[in-house]
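For reference, the chains in residue letters:
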Amino acid sequence: MKDRPDEREHRKIYPALDTMRAIASVAVVATHVAFWAGFYSEGTLGALTARMDFGVAVFFVLSGFLLSQPYLAAQATRRTLPPAGRYFWHRALRILPVYWVAVVAALTLLPENDTASPADWLENLTLTRLYSGELTPGLTQMWSLSTEVAFYVLLPLGMAVLARTVCRRRWRPVALLVVLGVLSLLSWVWVALSGTDVLGGLSSPGQWLPSYLSWFSVGIAFAVAEIERSTLVRRLAAAPWTAWLAAGAVLLVASTPVAGPVLLEPPSATEAVVKNVLYAVAAGLLVLPAIFAEPSTAFQRVLSVPALRHLGFISYSLFCCHLVVLHLVFTWRDYELFSAPGLELFALTLVGSLLVSEVLYRVVELPALRLRNVGRRRTPPTTAAESSPSEATTSS
């Protein structure tokens, strides 16, 4: 039965999640700068900068939580699932305009791309480059956006299947968690196979969506726990700084050889799975208190500071543009690859990227988001995913 307008629910807003996006995006900038500066091999600290790509896991957990929540809430209250057309329209407005600007900038401003063919342009503009060949200079981070878009595309279908087969028109949270556990196990099997001849015919299978279903599953599990108002999860979130310290400890473990080499050598199947699992745990520990800690806590107040939230609002533009800026800074300063001064390079890249991101946010992102209610007869109630200009996006 369709829900009447007065039955639609206002959903909770999570201000701290905007700051989480800011943290994740800066971590991604840091890991790319550290690689170009040749810092990865500088002991424990260098290895930690190599593992700052863990920001991708944070983004995937956030996406799993925010984007699955409306579907799960509809199942829990026996309402119809959100319309797929409106969902895809919002996702396209959120992702494509800034992404297309970044593609045009990379392909026109960077000398490395002077020989780009029409096929290169088409593959990059359609987010399909990951599946066909080597990633384009200035856009190499976009593999994670391609993977997240694959999640976006499959989410409505996946939730509809769960509603009809697992929930069977009833709210069955335990069954949903079991399914998420199975998906995570299958994901780790895919990770283990991605470096073998079994998937050898595919282009970069270790960066495809199946490799990261465990990370999205953590976020979806949080959405189930939020709807259930889980006492256990809230108790874990009652010590937010402890959770963050634990996340740091997990990242330290991930910085050791147990999670594979820090440079570009391919890891073994075991190392790849261990790294994937450790990133899922660390991202879960980092995001959990940002969702479930009480609003009155100092933790939530700090993460809800407007300036930090604004960094979260522009984090998607930061993700999209920072590698182009990094290329340009390298050329401007005439740095030598793997020998550049790391702190200087990081400062110049971050400041330049933030300035560009602020412009993109105001000139491209906000005007595009104002189109999200085109064709809708009345303005719907505010939702968690639509109330924040940043919404759920990726990085890496």
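The coordinates are above.
Residue positions are given per chain, counted from 1 along the sequence in the order it is written. Residue-level local features of this predicted model are given only where pLDDT is at least 70; pairs of side-chain atoms are given and counted only at 80 or more, and the full residue set underlies all totals for whole chains, interfaces and linings. Heavy atoms throughout the structure, all of them, feed into the side-chain values; hydrogens and water do not.

Peer 1: Even after reading the chapter, I still don't get empty space enclosed by the protein, so can you show me in this structure?
Peer 2: It is a probe the size of a water molecule, rolled over the atoms, that shows where empty space is left. Cavities and pockets are found on a 1 Å grid laid over the protein atoms alone: a cavity is a set of points where a 1.4 Å probe fits but cannot escape, a pocket is an open set with protein on both sides within 12 Å along at least five of seven lines, and a lining residue has an atom within 4 Å of such a point. Grid points are joined across faces, edges and corners, and a volume is the space filled by probe spheres set on the points. Inspection of the entire model under this criterion finds 4 cavities of 30 Å³ or more. A volume near 70 Å³ is recorded for the largest cavity. Lining of the largest cavity is provided by 13 residues; of these, Tyr99, Asn124, Arg129, Met142 and Ser146 occupy positions nearest its centre. In this text, helices come from DSSP runs of H or I with a minimum length of four residues, and strands from runs of E with a minimum of two, each type numbered from the N-terminal end. Those elements that provide at least two residues to the lining of the largest cavity are helix 5 (118–125) and helix 6 (142–165). Here the lining of the largest cavity gets 3 residues from one element, more than from any other, and that element is helix 6.

Peer 1: Before we go on, may I ask you to explain the packing of helix 4 (residues 84–109) against helix 14 (residues 315–333) in this structure?
Peer 2: A packed helix pair is summarised by two numbers, namely the angle formed by the two axes and the spacing between the axes. Each axis is a line fitted through C-alpha atoms, taken for helices only over the stretch in contact, and angles between the N-to-C directions span 0 to 180 degrees. Between helix 4 and helix 14, the least distance of the axes is 9 Å, while the angle of their chain directions is 5°. With respect to their mutual orientation, helix 4 and helix 14 come out roughly parallel. Residues Arg94, Ile95, Val98, Tyr99, Ala102, Ala106 and Leu109 of helix 4 lie in contact with helix 14, whose contacting residues are Tyr316, Ser317, Cys320, Val324 and Leu328. Tallied by class, the residues present in the contact of helix 4 with helix 14 amount to 10 nonpolar, 1 polar and 1 charged. Orientation is classified from the angle alone, with under 35 degrees giving roughly parallel, over 145 giving roughly antiparallel, 65 to 115 giving roughly perpendicular, and any other angle giving oblique. Here, two residues are considered to be in contact whenever any of their heavy atoms come within 4.5 Å of each other. Three categories are distinguished: nonpolar for Ala, Val, Leu, Ile, Met, Phe, Trp, Tyr, Cys and Pro, charged for Asp, Glu, Lys and Arg, and polar for the others, with Gly belonging to the last.

Peer 1: Help me understand helix 3 (residues 55–76) in this model?
Peer 2: Residues spaced three or four apart along an α-helix point in a common direction, a consequence of the helix completing one turn every 3.6 residues. One fewer than the residue count of a helix, multiplied by 1.5 Å, yields its expected span. With 22 residues, helix 3 should cover 32 Å at 1.5 Å per step; its first-to-last C-alpha distance of 31 Å lies within 8% of that length. Here the bend at each residue means the angle between axes fitted to two seven-residue stretches, the one ending at that residue and the one beginning there. Of all the bends found along helix 3, the most pronounced is centred on Gln69 and spans about 45°, while Pro70, a proline, follows it within four residues. Burial classes follow relative accessibility: with a 1.4 Å probe on protein chains only, a residue under 20% of its type's maximum area counts as buried, one over 50% as exposed, and anything between as partly exposed. Of all 22 residues making up helix 3, 20 are buried, and the element is well covered by its neighbours. Once helix 3 ends, the next one or two residues include Arg78, with phi positive near 60°.

Peer 1: Any chance you could explain the packing of helix 1 (residues 15–37) against helix 3 here in plain terms?
Peer 2: Running from amino to carboxyl end, helix 1 crosses helix 3 at an angle of 150°, the nearest separation of the two axes being 8 Å. The pairing of helix 1 with helix 3 is recorded here as roughly antiparallel in orientation. The crossing of helix 1 and helix 3 is left-handed. Residue-level inspection shows Leu17, Met20, Arg21, Ala24, Ser25 and Val28 of helix 1 in contact with helix 3, the latter providing Gly55, Val56, Val58, Phe59, Leu62, Phe65 and Leu66. Here the residues of the contact of helix 1 with helix 3 sort into 10 nonpolar, 2 polar and 1 charged. Crossing chirality is assigned from the near helix's rotation relative to the far helix, an anticlockwise turn below a right angle marking it left-handed and a clockwise turn marking it right-handed.

Functional significance is not addressed by these values, which are geometric in nature.
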